[in-house]
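Close look at the chain arrangement
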Amino acid sequence: MIFDCIVVGAGVVGTAIARELSGCSHQGRALNVALVEAREDVGDATSKANTAILHTGFDASPGTMESRLVRRGYHLLLNYALDAGIPVERTGALLVAWTEDERLTLPLLQDKAVSNGYLETSIVNAQEVYARVPSLGPGVLGGLVVPDEFIICPWTTPLAFAHDAIARGAHLHLNAAVTGAKVGPDETVLQTSAGPLRTRWLINAAGLGSDILDSSLGHDRFHLHPRRGQLIVFDKLARSLVDVIVLPVPSKVGKGVLISPTVFGNVMLGPTAEDLTDRSDTATTDEGLAFLRDKGAKILPALLHEEVTAMYAGLRAASDQSDVTVEVNADQRYVVAGGIRSTGLTASMAIAEHVRSLIDANLPLTDRTDLPPTVRMPNIGENELRPFQDESLIAADSAYGEIVCFCERVTRGEIRDALQSHLPARDLDGLRRRTRAQMGRCQGFFCGAEIQAMMDGVE
Ligand SMILES: Cc1cc2nc3c(=O)[nH]c(=O)nc-3n(C[C@H](O)[C@H](O)[C@H](O)COP(=O)(O)OP(=O)(O)OC[C@H]3O[C@@H](n4cnc5c(N)ncnc54)[C@H](O)[C@@H]3O)c2cc1C
């Protein structure tokens, strides 16, 4: 079998691309698309460990491809989230100035936002900042309100893209690490840990592995290293302290440490920005957590008195290029989408759209007219009705009235569905991302055995 397109990497970017391309046809025939992933689940690498903000792109570097993709991706993903049932909360953000230098930067940031096509920011004084977030620490000098920065579910997003791609006929190959590619005149043969795969077009969305795959095709255009971001997640009781995303004034070294509500009802503090060499080092460290606690104590002192539910770290694909690398090599029938650093969740659908346009210039594509409806994902956000609260759902199927994970209020029906879907959870981590089971304050102490029995099929 020769695929028309193989997408390597099932993070939020690769799943968005697979969904987009499987919605296309060429000369009246639907594209035959495969999504190839080294791990045993989609969205299991950088895409599962970020700060989950749907960025307006107000602070992007104006004129860059990243700025354009974030701006477009914001609108595409917000609309898609409504259709697919991806949890989003319209919190808005408040960027806070703590020093005189930072206060003087606020008008410059506002100008930058305008250059990025975002006109809705407003500068507020210290009194107005405290009126919005009374628990902020002492010393605020002013702020910038960014009303359209929202929070979104980072886990449901790639899962929804992948479910849609599969419903459109895409083939998902998990546990298939691509180890090499041989480009021929009419087809490319990929060597994978699960055997060879043949394709006409190859799309490289391999995240932190994208520069390695790119070089195996003979290119030397970008080099990546992991920039680790550690985060602390506080218990749901902390949520009353903060209802908006509290941002720092960004500096030359990055966006800085923020405090944000999550769609699951928690509050997160982070991330750090540590340049590493090991592309698999997602450990949290004493130094990283101490650094975050220090920052948090200044921004929102009361937060540090709340219980910590979890800690995690994600690896940004930091590039030696100042912009993202999304390029086509038509002679190789090859597109690369790499160096997608801090905004890939937001930009994912716009990257997919752009990849399609690069292919379309060489292989004319049209929209398929026989597409199934967009998937509707199970709701795991706090903003909408959860199954345990839904009387009609429980009346139709009593498994939705039977809570298994009490911390997160996850029902037997949801766990069963997650284990039986077209893209089932294969391990506990996968189940967490689909249902929130075991993500609460007891971390599975209470429900661990019962959930394991359900996973083993003995209950
Ligand atoms: C701490 C942190 C905070 C962030 N905050 C935000 C935010 O608030 N908002 C936002 O929009 N973005 C944010 N981001 C950025 C966002 O998470 C990333 O840009 C995005 O997840 C990148 O997705 P991806 O699909 O390119 O990479 P990944 O999710 O890493 O997916 C790449 C996939 O390719 C697979 N792969 C690699 N090599 C191979 C191979 N040879 N063969 C087969 N498969 C392979 C990997 O296993 C992986 O599953 C943040 C990132 C971090 C780390």
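Whatever comes next refers back to the structure up there.
Reference entry: report on the structure contained in this document. Nothing here was measured: the structure is a model prediction, and the numbers come from that model. (Residues numbered from 1 in each chain as written. Predicted model: local features only at pLDDT ≥ 70, side-chain atom pairs only at ≥ 80, totals over all residues. Heavy atoms only, no water.)

**So, the sheet that holds strand β6 (residues 88–89)**
Taken in spatial order, the 3 strands of this open sheet run β5-β10-β6, and their pairing is antiparallel. Every interior strand has two partners, whereas the edge strands, β5 (53–54) and β6, have only one. (Pairing = 2+ DSSP bridges. Helix = DSSP H or I, 4+ residues; strand = E, 2+ residues; numbered from the N terminus.)

**Some remarks on the site of the ligand**
Not every one of the 36 residues close to the ligand is listed here, only the nearest: Glu37, Ser47, Thr51, Val178 and Thr346. Interatomic distance of 2.5 Å between a side-chain N/O atom of Ser47 and an oxygen atom of the ligand. A distance of 3.0 Å separates an oxygen atom of the ligand from a polar backbone atom of Arg341. Look at the ligand: alone it shows 1,000 Å² of surface, and the protein chains cover 94% of it. A breakdown of the residues in the shell around the ligand according to their chemical character gives 18 nonpolar, 14 polar and 4 charged. (Near = heavy atom within 4 Å. Polar contact = N/O pair within 3.5 Å; in protein donor to acceptor, adjacent residues only side chain to side chain. Areas by Shrake-Rupley, 256 points an atom, 1.4 Å probe, with all protein chains shown as cover. Nonpolar A, V, L, I, M, F, W, Y, C, P; charged D, E, K, R; others polar.)

**As for the nonpolar core**
Counting 78 residues, the largest nonpolar core has Ile17, Leu21, Tyr80, Ile203 and Ile359 as its most contacted members. Setting aside anything within four residues of it in sequence, one finds Ile203 in contact with Cys5, Ile6, Val7, Val8, Ile17, Leu21, Val335, Val355 and Ile359. Val96, Phe234, Ala238 and Ile259 belong to the second largest nonpolar core, which has 26 residues in total. (Core = buried A, V, L, I, M, F, W, Y, C linked by side-chain atoms within 4.5 Å. Buried < 20%, exposed > 50% of the residue type's maximum accessible area, 1.4 Å probe, protein only. Contact = heavy atoms within 4.5 Å.)

**Description of helix α10 (residues 412–420)**
What α10 keeps buried is the set Arg412, Gly413, Glu414, Ile415 and Ala418. Along its buried surface, α10 packs onto β24 (403–405), β25 (410–411), α11 (428–435) and α12 (448–456).

**Brief notes about the environment of Glu120**
Following the sequence through the fold, Glu120 ends up in the loop between α3 (100–115) and β8 (122–125). In this structure Glu120 comes out as partly exposed when scored by relative accessible area, which is 46%. As for Glu120 and Val7, which are separated by 113 residues in sequence, their C-alpha atoms are 37 Å apart.

**Some points on the packing of α10 against α11**
With their axes 10 Å apart at the nearest point, α10 and α11 run at an angle of 120 degrees to one another. Classed by the angle they form, the pair α10 and α11 counts as oblique. Between α10 and α11 lies a crossing whose hand is right-handed. Contacts from Glu414, Ile415, Ala418 and Leu419 of α10 reach α11 at Leu431, Arg434 and Thr435. Of the residues contributing to the contact of α10 with α11, the split by class is 4 nonpolar, 1 polar and 2 charged. (Axes fitted to C-alpha atoms, helices over the stretch in contact; angles between N-to-C directions. Parallel < 35°, antiparallel > 145°, perpendicular 65-115°, else oblique. Left-handed = near helix turned anticlockwise from the far one by under 90°.)

**Some thoughts on the pattern of salt bridges**
Applying the stated criterion across every chain yields a total of 36 salt bridges. Across the salt bridge formed by Lys255 and Asp59, the nearest N and O atoms sit 3.3 Å from each other. One end of the pair, Lys255, is in the loop between β16 (245–248) and β17 (258–261); the other, Asp59, is in the loop between β5 and α2 (65–84), and 196 residues separate them in sequence. Judged by its relative accessible area of 33%, Lys255 is partly exposed. The salt bridge partner of Glu408 is Lys236, with a shortest N-O separation of 2.8 Å. Residue Glu408 is found in the loop between β24 and β25, and its partner Lys236 is found in the loop between β15 (224–234) and β16; the two are separated by 172 residues along the sequence. Each of Arg39, Asp41, Asp44, Lys48, Asp429, Arg432, Arg433 and Arg434 takes part in salt bridges that share partners, so that together they form one network. (Salt bridge = Lys/Arg side-chain N within 4 Å of Asp/Glu carboxyl O.)

**Things to note about the environment of Leu119**
For Leu119, the position within the fold is in the loop between α3 and β8. In this structure, the C-alpha to C-alpha distance between Leu119 and Gln389, residues 270 residues apart in sequence, is 39 Å.

**Quick word on the packing of aromatic side chains**
In this structure the tally under the stated criterion is 4 aromatic pairs. Between Trp155 and Phe264, the aromatic rings sit 5.0 Å apart at their centres with planes inclined by 20 degrees, giving stacked as the arrangement. Remark: Phe264 occurs in the loop between β17 and β18 (267–270) and Trp155 occurs in the loop between β10 (150–152) and α5 (156–167); sequence separation between them is 109 residues. Phe264 shares its class with Trp155; the two are buried. When the ring centre of Tyr400 is taken as origin, the NZ or CZ atom of Arg416, which lies over that ring, is 5.4 Å away. (Phe/Tyr/Trp six-rings, centres within 6.5 Å; stacked < 30°, edge-to-face > 60°. Lys NZ or Arg CZ within 6 Å of the ring centre and 35° of its normal.)

**Some points on the pairing of strand β14 (residues 197–204)**
The buried count for β14 comes to 6 of 8 residues, which makes it a mostly enclosed element. Note: strand β1 (residues 2–8) against β14, 6 bridges, orientation parallel. Looking at the pairing, Ile6 lines up with Leu202 of β14. Hairpin connection of strand β13 (residues 188–192) to β14: 4 residues between the antiparallel strands, including Gly195 at a positive phi of 110 degrees.

**Focus on unusual backbone geometry**
The step from Gly270 to Pro271 runs through a cis peptide bond, and the omega angle for that step is -5 degrees. Of note, Pro271 is situated in the loop between β18 and β19 (274–275). For Arg333, which is not a glycine, the phi torsion comes out positive at approximately 50 degrees. Within the element layout of this structure, Arg333 appears in the loop between β21 (325–329) and β22 (334–338). With relative accessibility at 12%, the residue Arg333 sits in the buried group.

**What about the environment of Ala30?**
Tracing the chain through its elements places Ala30 in strand β3 (residues 29–30). Taking C-alpha positions, Ala30 is 51 Å from Val133, a pair spaced 103 residues apart along the chain. Residue contacts for Ala30: discarding those within four places in its chain leaves Asp4, Cys24, Ser25 and Arg368.

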